[in-house]
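Remarks on the overall topology
One-letter residues, chain by chain:
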Amino acid sequence: MDDAMWSSDTNEFRCVRKDAYNLLQQLPISGSQSLRLMISTANICSSFGDMASLTNIPLPTVFHFATHLKYWGKAEIIQTINKSSAFVIHPQADFQLIGTKSAYQREFTEAF
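Residues numbered from 1 in each chain as written. Predicted model: local features only at pLDDT ≥ 70, side-chain atom pairs only at ≥ 80, totals over all residues. Heavy atoms only, no water.

Points about the environment of Asn56
Along the chain, Asn56 falls in the loop between helix 3 (48–55) and helix 4 (59–71). The class for Asn56 is exposed, based on a relative accessible area of 70%. In this structure, the C-alpha to C-alpha distance between Asn56 and Ser34, residues 22 residues apart in sequence, is 9.0 Å. (Helix = DSSP H or I, 4+ residues; strand = E, 2+ residues; numbered from the N terminus. Buried < 20%, exposed > 50% of the residue type's maximum accessible area, 1.4 Å probe, protein only.)

Notes on the nonpolar core
Here is a general trend for soluble globular proteins: nonpolar side chains tend to be buried in one another's company. Judged by nonpolar contacts, the single largest core of 19 residues is most densely connected at Leu35, Met38, Ile39, Phe48, Met51, Val62 and Leu69. Among the elements that line this core, the one with the most residues is helix 4, at five residues. If we skip the residues at most four places from it in the chain, Leu35 touches Leu27, Phe65 and Leu69. (Core = buried A, V, L, I, M, F, W, Y, C linked by side-chain atoms within 4.5 Å. Contact = heavy atoms within 4.5 Å.)

Comments concerning the layout of surface pockets
Approximately 160 Å³ is the volume found for the largest pocket. If you trace the largest pocket, you find it lined by Leu23, Gln26, Leu27, Leu35, Phe65, His68, Leu69, Trp72 and Lys74. Counting only elements with at least two residues in the lining of the largest pocket, the list comes to helix 1 (20–26) and helix 4. Counting residues per element, the lining of the largest pocket draws most heavily on helix 4, which supplies three residues. Residue composition of the lining of the largest pocket, grouped by class: six nonpolar, two polar and one charged. (1 Å grid on protein atoms, 1.4 Å probe; cavity = no way out; pocket = protein on both sides within 12 Å on 5 of 7 lines; lining within 4 Å. Points joined across faces, edges and corners; volume = space filled by probe spheres on them. Nonpolar A, V, L, I, M, F, W, Y, C, P; charged D, E, K, R; others polar.)

Remarks on helix 2 (residues 33–41)
All of the buried residues in helix 2 are Leu35, Arg36, Met38 and Ile39. Along helix 2, the residues classed as buried sweep out an arc of 165° about the axis, all on the same side. Regarding helix 2, its N-cap is Ser32, as a side-chain oxygen of that residue lies 3.3 Å from the backbone nitrogen of Ser34 further along. (Arc of directions from axis to C-beta. Polar contact = N/O pair within 3.5 Å; in protein donor to acceptor, adjacent residues only side chain to side chain.)

Section: the pattern of salt bridges
One pass over the full model with this rule turns up one salt bridge. The residue Glu76 makes a salt bridge to Lys70 at a minimum N-O spacing of 3.6 Å. Judged by relative accessible area, Glu76 falls into the partly exposed class, the value being 35%. Judged by its relative accessible area of 30%, Lys70 is partly exposed. (Salt bridge = Lys/Arg side-chain N within 4 Å of Asp/Glu carboxyl O.)

Considerations on the packing of aromatic side chains
Applying the stated criterion to the full structure yields two aromatic pairs. Ring centres of Phe48 and Phe63 lie 5.4 Å apart, and the angle between their planes is 90°; this geometry places the pair in the edge-to-face category. Here Phe48 is found in helix 3, whereas its partner Phe63 is found in helix 4, with 15 residues between them in sequence. Relative to Trp72, the ring of Tyr71 lies with its centre 5.0 Å away and its plane at 90°, an arrangement referred to as edge-to-face. Assessed through its relative accessible area of 63%, Tyr71 is described here as exposed. (Phe/Tyr/Trp six-rings, centres within 6.5 Å; stacked < 30°, edge-to-face > 60°.)

If you want it as structure tokens, here you go:
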């Protein structure tokens, strides 16, 4: 379990979906509708607190779902990305691998 996720400032950390559509397909039909809603509304710029407010899912439940998704390798917990975020390019990055824009690259470009 990632201790950073339990920060008291819920605006700092959030859940990034790896592949929301495939993940939703893997859930049983009788599964939690709140979990389905959380997965479908997750995006790179919203915090757990934002997600809880948007979906009306209690914040502790959002933490619980995120913990399970992280444990099962279905999501990663990262810091919220915003306009003041700073990124560093790895010195050995291979720019030849950058081709067509992925869904995440398009979403990031639209947001910033």
